[in-house]
Amino acid sequence: MKDKGEILYRRLDRGSMAVMAAGIGMVLQPWIHLLFRFGFAVILMGLFFYLFASRLSTFSGRTDDGQEAASESEKKMNRVANP
(Lines give C-alpha, C1' and ligand atoms only; values in the text may rest on other atoms or scores of the structure.)
Protein backbone atom coordinates (compact mmCIF):
# COMPACT_ATOMS: atom_id res chain seq x y z
CA MET A 1 0.00 0.00 0.00
CA LYS A 2 1.28 3.44 -0.89
CA ASP A 3 1.70 6.05 1.82
CA LYS A 4 0.37 9.60 1.56
CA GLY A 5 3.79 11.06 0.79
CA GLU A 6 4.25 8.80 -2.21
CA ILE A 7 0.76 9.61 -3.51
CA LEU A 8 1.46 13.34 -3.12
CA TYR A 9 4.79 12.96 -4.91
CA ARG A 10 3.18 11.08 -7.84
CA ARG A 11 0.45 13.72 -8.18
CA LEU A 12 2.92 16.61 -8.09
CA ASP A 13 5.18 14.82 -10.57
CA ARG A 14 2.38 14.18 -13.06
CA GLY A 15 0.91 17.65 -12.53
CA SER A 16 4.23 19.36 -13.15
CA MET A 17 4.70 17.39 -16.36
CA ALA A 18 1.20 18.40 -17.47
CA VAL A 19 2.01 22.07 -16.76
CA MET A 20 5.21 21.81 -18.82
CA ALA A 21 3.31 20.15 -21.67
CA ALA A 22 0.69 22.89 -21.55
CA GLY A 23 3.46 25.51 -21.72
CA ILE A 24 5.00 23.82 -24.73
CA GLY A 25 1.58 23.74 -26.38
CA MET A 26 1.16 27.44 -25.65
CA VAL A 27 4.50 28.25 -27.25
CA LEU A 28 3.89 26.13 -30.34
CA GLN A 29 0.41 27.44 -31.16
CA PRO A 30 0.47 30.19 -33.82
CA TRP A 31 -2.87 31.99 -33.25
CA ILE A 32 -2.76 33.95 -29.99
CA HIS A 33 0.37 35.94 -29.25
CA LEU A 34 -0.47 36.33 -25.55
CA LEU A 35 -0.41 32.55 -25.08
CA PHE A 36 2.94 32.42 -26.84
CA ARG A 37 4.38 35.04 -24.49
CA PHE A 38 3.11 33.38 -21.32
CA GLY A 39 4.05 29.91 -22.52
CA PHE A 40 7.66 30.35 -21.46
CA ALA A 41 6.62 31.33 -17.93
CA VAL A 42 4.33 28.31 -17.76
CA ILE A 43 7.17 26.00 -18.84
CA LEU A 44 9.43 27.47 -16.15
CA MET A 45 6.69 27.13 -13.53
CA GLY A 46 6.26 23.47 -14.46
CA LEU A 47 10.01 22.97 -14.25
CA PHE A 48 10.12 24.46 -10.75
CA PHE A 49 7.22 22.25 -9.65
CA TYR A 50 9.04 19.24 -11.07
CA LEU A 51 12.21 20.13 -9.16
CA PHE A 52 10.16 20.63 -5.99
CA ALA A 53 8.47 17.25 -6.43
CA SER A 54 11.80 15.52 -6.96
CA ARG A 55 13.11 17.10 -3.75
CA LEU A 56 10.08 15.81 -1.89
CA SER A 57 10.93 12.29 -3.00
CA THR A 58 14.49 12.61 -1.68
CA PHE A 59 13.29 14.08 1.63
CA SER A 60 10.87 11.21 2.10
CA GLY A 61 13.70 8.72 1.53
CA ARG A 62 12.27 7.22 -1.64
CA THR A 63 13.56 6.98 -5.17
CA ASP A 64 11.47 7.38 -8.32
CA ASP A 65 10.67 3.67 -8.46
CA GLY A 66 9.37 3.63 -4.87
CA GLN A 67 12.35 1.84 -3.34
CA GLU A 68 13.96 3.01 -0.12
CA ALA A 69 16.96 5.21 -0.76
CA ALA A 70 20.07 4.58 1.30
CA SER A 71 22.39 7.43 2.18
CA GLU A 72 26.10 7.26 1.42
CA SER A 73 26.96 6.81 5.10
CA GLU A 74 24.56 3.86 5.36
CA LYS A 75 26.18 2.25 2.32
CA LYS A 76 29.65 2.71 3.80
CA MET A 77 28.55 1.25 7.14
CA ASN A 78 27.08 -1.78 5.39
CA ARG A 79 30.34 -2.33 3.47
CA VAL A 80 32.38 -2.15 6.66
CA ALA A 81 30.02 -4.42 8.63
CA ASN A 82 29.55 -6.93 5.79
CA PRO A 83 32.81 -7.17 3.81
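Residues numbered from 1 in each chain as written. Predicted model: local features only at pLDDT ≥ 70, side-chain atom pairs only at ≥ 80, totals over all residues. Heavy atoms only, no water.

A. A look at the overall build of the chain. Helix and strand counts for the chain stand at 3 helices and 0 strands. When burial is assessed residue by residue, the chain has 19% of its 83 residues classed as buried. (Helix = DSSP H or I, 4+ residues; strand = E, 2+ residues; numbered from the N terminus. Buried < 20%, exposed > 50% of the residue type's maximum accessible area, 1.4 Å probe, protein only.)

B. The arrangement of the packing of aromatic side chains in detail. Summed over all chains, the structure comprises 1 aromatic pair. Ring centres of Phe36 and Phe40 lie 5.5 Å apart, and the angle between their planes is 80°; this geometry places the pair in the edge-to-face category. Placement of the pair is Phe36 and Phe40 together in helix H2 (residues 33–59), with a separation of 4 residues, close to one helical turn. With relative accessibility at 44%, the residue Phe40 sits in the partly exposed group. (Phe/Tyr/Trp six-rings, centres within 6.5 Å; stacked < 30°, edge-to-face > 60°.)

C. Fine view of helix H1 (residues 4–28). The terminal C-alpha atoms of H1 lie 36 Å apart, and with 25 residues this matches the ideal 36 Å at 1.5 Å per residue to within 8%. Listed as buried for H1 are Glu6, Tyr9, Asp13, Ser16, Met20, Gly23, Met26 and Val27. (Expected span 1.5 Å × (residues − 1).)

D. Fine view of the side chain of Gln29. Checked against the element boundaries, Gln29 lands in the loop between H1 and H2. A polar contact of 3.4 Å, which involves the side chain of Gln29, links it to the backbone oxygen of Met26. Residues in contact with Gln29, not counting those within four places in the same chain, are Leu35 and Phe36. (Polar contact = N/O pair within 3.5 Å; in protein donor to acceptor, adjacent residues only side chain to side chain. Contact = heavy atoms within 4.5 Å.)

E. The side chain of Ser16, seen in detail. Along the chain, Ser16 falls in helix H1. Accessibility expressed as a relative area gives 1% for Ser16, which makes it buried. Excluding its chain neighbours within four sequence positions, the residues that come into contact with Ser16 are Gly46, Phe49 and Tyr50.

F. Molecular detail of the environment of Leu44. With respect to the helices and strands, the residue Leu44 is situated in helix H2. Looking at Leu44, the relative accessible area reads 46%, which means it is partly exposed.

G. How the structure looks around a nonpolar patch on the surface. Taken together, the side chains of Met17, Leu44, Leu47, Phe48, Tyr50 and Leu51 make up a nonpolar region of the molecular surface, amounting to roughly 560 Å² of accessible area. If you tally residues by element for the nonpolar patch, the top one is H2, at 5 residues. Tracing the backbone through its elements, the reader meets Tyr50 in helix H2. (Patch = residues over 30% accessible without salt bridge, like charges linked within 9 Å, V, L, I, M, F, W, Y side chains within 5 Å. Areas by Shrake-Rupley, 256 points an atom, 1.4 Å probe, with all protein chains shown as cover. Salt bridge = Lys/Arg side-chain N within 4 Å of Asp/Glu carboxyl O.)

H. Quick look at the confidence of the model for the chain. Looking at the chain as a whole, its pLDDT mean stands at 78, while 65% of the residues score no less than 70. Within the chain, H1 carries the highest mean pLDDT (89), whereas helix H3 (residues 72–81) carries the lowest (60). (pLDDT = per-residue confidence, 0-100.)

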